[in-house]
Amino acid sequence: MMQTTAVVVGAGHAGLAMSRRLTERSIDHVVLERGEVANSWRTQRWPSLRLLTPNWQTRLPGHGYAGDDPDGYMPAADVVATLTRYARLVGAPVRTATTVHTVRVASGGFQIRANDDLLHARAVVLATGACNLPAFPGIADAIPLSITTLTPLTYRDPGQLPAGGVLVVGASATGVQLASEIHRSGRPVTLAAGEHVRLPRTYRGRDIFWWMQATGLLAERYDQIDDLTRARHLPSPQLTGTTSSTITDLNRLMAMGIRIVGRLGRIIDGVAQFSGSLANTCALADLKMNRFLNRADQWATTHSLDDELPPPHRFAPTRVDPRAPLELDLTSGEITTVLWATGFRPDHSWLDIPVRDRAGRIAHNGGVVTGASGLYLLGMPVLRTRASTYIHGAAADTSALADHLHSFLSSQRRSQPAPSLASAGRHPSHS
Ligand SMILES: Cc1cc2nc3c(=O)[nH]c(=O)nc-3n(C[C@H](O)[C@H](O)[C@H](O)COP(=O)(O)OP(=O)(O)OC[C@H]3O[C@@H](n4cnc5c(N)ncnc54)[C@H](O)[C@@H]3O)c2cc1C
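About the thresholds
- Residues numbered from 1 in each chain as written.
- Predicted model: local features only at pLDDT ≥ 70, side-chain atom pairs only at ≥ 80, totals over all residues.
- Heavy atoms only, no water.
- Helix = DSSP H or I, 4+ residues; strand = E, 2+ residues; numbered from the N terminus.
- Rg over C-alpha atoms; globule rule 2.2 N^0.38 Å.
- Buried < 20%, exposed > 50% of the residue type's maximum accessible area, 1.4 Å probe, protein only.
- Contact = heavy atoms within 4.5 Å.
- Areas by Shrake-Rupley, 256 points an atom, 1.4 Å probe, with all protein chains shown as cover.
- Lys, Arg positive; Asp, Glu negative; His and termini not counted.
- Charge placed at Lys NZ, Arg CZ, Asp CG, Glu CD.
- Core = buried A, V, L, I, M, F, W, Y, C linked by side-chain atoms within 4.5 Å.
- Polar contact = N/O pair within 3.5 Å; in protein donor to acceptor, adjacent residues only side chain to side chain.
- Near = heavy atom within 4 Å.
- Nonpolar A, V, L, I, M, F, W, Y, C, P; charged D, E, K, R; others polar.
- Pairing = 2+ DSSP bridges.
- Axes fitted to C-alpha atoms, helices over the stretch in contact; angles between N-to-C directions.
- Salt bridge = Lys/Arg side-chain N within 4 Å of Asp/Glu carboxyl O.
- Phe/Tyr/Trp six-rings, centres within 6.5 Å; stacked < 30°, edge-to-face > 60°.
- Lys NZ or Arg CZ within 6 Å of the ring centre and 35° of its normal.

Enquirer: So what exactly am I meant to see when it comes to the overall build of the protein here?
Expert: Per the secondary structure count, the protein includes 9 helices and 21 strands. Here the C-alpha radius of gyration of the protein, 23 Å, is about what a compact globule of 431 residues would show, namely 22 Å. Projected onto its principal axes, the C-alpha positions of the protein cover 70 × 60 × 40 Å. Within the protein, the proportion of its 431 residues that are buried is 53%. Excluding contacts between residues fewer than 6 apart, the proportion of contacts in the protein whose partners are at least 24 apart in sequence is 72%. Surface exposure of the protein reaches about 18700 Å², of which carbon and sulfur atoms provide 51%. Placing the 43 positive and 35 negative side-chain charges of the protein at their respective mean positions leaves the two points 4 Å apart.

Below, the structure written as structure tokens:
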């Protein structure tokens, strides 16, 4: 059995950043990856996808954006190229085509079964990402069999869809982007919008992510957020990686000719029923957007930037079509495809250690897994700060968790205790 000090599972941006942190601390490790480096970006993202975050923000420990378009938005193919270069730059010891099938507690650490090999490590970092599987509502099973169903993980481009109308369920970044792209291909699109996050691409001449960073929103820590579960499950903001439009909101989609309906609540005998509370949902999204813009304006004033920046302004409230249907017969032939843009979920089914909470999620405190010393989690939304949801957040997260892992190894060396499922991890220091 191969012995190593630490195993990192997954060579996405989070696993690679952790590898760099472990190398900095002279911790011997290996990164196990079922595909190639940046596998999710190679195989699970639709080709036209561009990052929502601007290029200047796509930075990793020891690596900043060096191209000539800092305010642009990277296409998925460039994310692959960036991560591939990064893996080389940091000399990450990645074993590609190596699928982890089980991780178990073993004497002195963990036993990992990857392909047909067994490895032993004193610490394991779970960096397999937050978006391995699509998250569907239970009603997905009630879709008539005649309808083609897709998820963002299986969607590539409108050419793969049958002729006919498309129902996109979910108005997050994914939902609005795919609804626009499919509409542009000439198909009639209906978008079912539940709770969503409305934000402009730019405000007062700056990218919205510039404002999120400047105002300190992205730096808000997980242990200071009132409703952490809610923060971790917020839909992604209605943004597109382009500056061709200031805002990609429901008003814009409606102006393009996309039909907006309420949240898809039920499907009974093939009839989709939409919530009648679309106006309230939209009013709430408008209110929250304006709350953030107020915060941005206050910040600009406090930092004496009002003369430098264009003046504050507000966007028109979301218009709701009073004729928006509350029902759609999915057996009528009008709709031939349903695209579930209802979010993603992680897949840790291979983790054979009882560390899940009642909702089936891995219980952790800022990435330190609760109940299994030496086990760490990365790449989850709002893991340690709101920035954890994005690529650049991995810098601070991996620094804090690598420090914790380093002290865990040192304390283990001093006391040589038997590994224990019961000994919960200490809280890492925040960096
Ligand atoms: C649609 C979409 C849009 C996004 N847009 C942005 C954006 O604009 N800006 C931004 O900063 N971030 C964006 N994100 C990225 C998001 O930040 C990352 O998906 C998330 O943070 C997870 O990254 P990761 O490195 O943890 O996981 P991933 O990049 O998913 O990497 C995990 C790796 O683990 C491997 N793996 C999984 N299971 C196993 C196993 N059992 N054995 C071995 N290997 C395994 C996978 O093959 C994969 O390579 C977007 C994500 C999605 C889905």
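Enquirer: Looking at this model, I keep getting lost on the nonpolar core. Mind explaining?
Expert: Generally speaking, a soluble globular protein has its nonpolar side chains buried in company with each other. By size, the foremost hydrophobic cluster in this structure holds 85 residues, and its most contacted members are I112, L191 and L375. Not counting residues within four places of it along the chain, the set of residues in contact with L191 comprises V168, G170, A171, G175, V176, A179, L250, L253, I258, R259, I260 and V261. The next biggest cluster of nonpolar side chains, apart from the first, holds 23 residues, and it includes L52, I208, M212 and W299.

Enquirer: For this particular structure, what's the right way to read the environment of N132?
Expert: In this structure, N132 sits in the loop between β6 (117–126) and β7 (133–134). Look past the residues within four positions of N132 in its chain and what remains in contact with it is R34, Q44, L153, R345, P346 and D347. Of the polar contacts made by the side chain of N132, one reaches the backbone nitrogen of D347; its length is 2.9 Å.

Enquirer: For this particular structure, what's the right way to read the site of the ligand?
Expert: Close contacts around the ligand come from 29 residues, with E33, S40, L52, T53 and I391 the closest. Here an oxygen atom of the ligand sits 2.5 Å away from a polar atom, N or O, in the main chain of L52. In this structure, V100 approaches the ligand through a main-chain N or O atom, which is 2.9 Å from a nitrogen atom. Expressed as a share of its isolated accessible area of 990 Å², the protein-covered part of the ligand is 94%. For the shell around the ligand, the elements supplying multiple residues, two or more each, are α1 (13–24) and α2 (39–43). A per-element tally of the shell around the ligand places α2 first, with 3 residues. When its residues are assigned to classes, the shell around the ligand shows 14 nonpolar, 12 polar and 3 charged.

Enquirer: Just to check I follow, could you spell out the sheet that holds strand β17 (residues 335–340) for this structure?
Expert: Within a sheet, adjacent strands bond to each other through the backbone by hydrogen bonds, running parallel or antiparallel. Strand order across the open sheet formed by 5 strands is β8-β17-β9-β10-β13, with parallel pairing between neighbours. What marks the edges here is a single partner per strand, and that holds for β8 (148–150) and β13 (259–262). Sheet twist, expressed as the mean angle between neighbouring strand axes with direction ignored, is 20°. One ladder, built from 4 bridges, connects strand β9 (residues 165–169) with strand β10 (residues 189–193); its direction is parallel. The partner of V166 across the bridge, within β10, is V189.

Enquirer: Even after reading the chapter, I still don't get the pattern of salt bridges, so can you show me in this structure?
Expert: It is possible for side chains of opposite charge to pair when their charged atoms get near one another. Going through the model one piece at a time under the given rule, you end up with 18 salt bridges. A salt bridge links R25 to D403; the nearest nitrogen and oxygen atoms lie 2.9 Å apart. Linking R25 in the loop between α1 and β2 (29–32) with D403 in helix α9 (residues 394–415), this pair joins segments that are 378 residues apart in sequence. Since its relative accessible area comes to 31%, D403 is described here as partly exposed. Taking the shortest distance from any N to any O, the salt bridge between E195 and R230 comes out at 2.8 Å. With E195 in the loop between β10 and β11 (202–203) and R230 in helix α6 (residues 228–232), the pair connects residues that are 35 residues apart, well separated along the chain. Judged by relative accessible area, R230 falls into the partly exposed class, the value being 36%. The network of salt bridges with shared partners includes R20, R21, E24, R25 and D403.

Enquirer: Honestly, the side chain of S19 in this entry has me stumped. Any pointers?
Expert: By secondary structure assignment, the location of S19 is in helix α1. Here S19 falls in the buried class, since its relative accessible area comes to 0%. Within the structure, S19 has its side chain in polar contact with the side chain of H29 (distance 2.8 Å). Contact partners of S19, with chain neighbours within four places excluded, come to H29, V31, A92 and P93.

Enquirer: Explain the packing of aromatic side chains here, please?
Expert: What describes a pair of aromatic rings is the distance from one ring centre to the other and the angle between the planes of the rings. Tallying each qualifying case throughout the model produces 6 aromatic pairs. Look at F136 and W340: their rings are 6.1 Å apart centre to centre, the planes differ by 80°, and that puts the pair in the edge-to-face class. Pair noted here: F136 is in the loop between β7 and β8 and W340 is in strand β17, with a separation of 204 residues, a long-range link. Residue W340 is classed as buried on the basis of its relative accessible area, which comes to 2%. Measuring from ring centre to ring centre gives 5.1 Å for F209 and Y390, while their planes differ by 80°; the resulting arrangement is edge-to-face. Remark: Y390 occurs in the loop between β21 (375–377) and α9 and F209 occurs in helix α5 (residues 208–214); sequence separation between them is 181 residues. Across this residue pair, the class does not change: F209 and Y390 are buried. Following the ring pairs from residue to residue traces out a cluster consisting of Y203, W210, W211 and W299. In this structure, R45 is placed above the aromatic ring of W41, and the distance from its NZ or CZ to the ring centre is 4.4 Å. The ring of W210 carries the charged tip of R206 above its face, separated from the ring centre by 4.5 Å.

Enquirer: What am I meant to see in the pairing of strand β14 (residues 264–268) here?
Expert: In regular strands, side chains alternate between the two faces of the sheet. Across 4 bridges, the pairing between β14 and strand β15 (residues 271–274) is antiparallel. Within β15, the position partnered with L264 by the bridge is F274. Hairpin remark: β14 followed by β15, antiparallel, with 2 residues in the connecting loop; positive phi at D269, about 50°.

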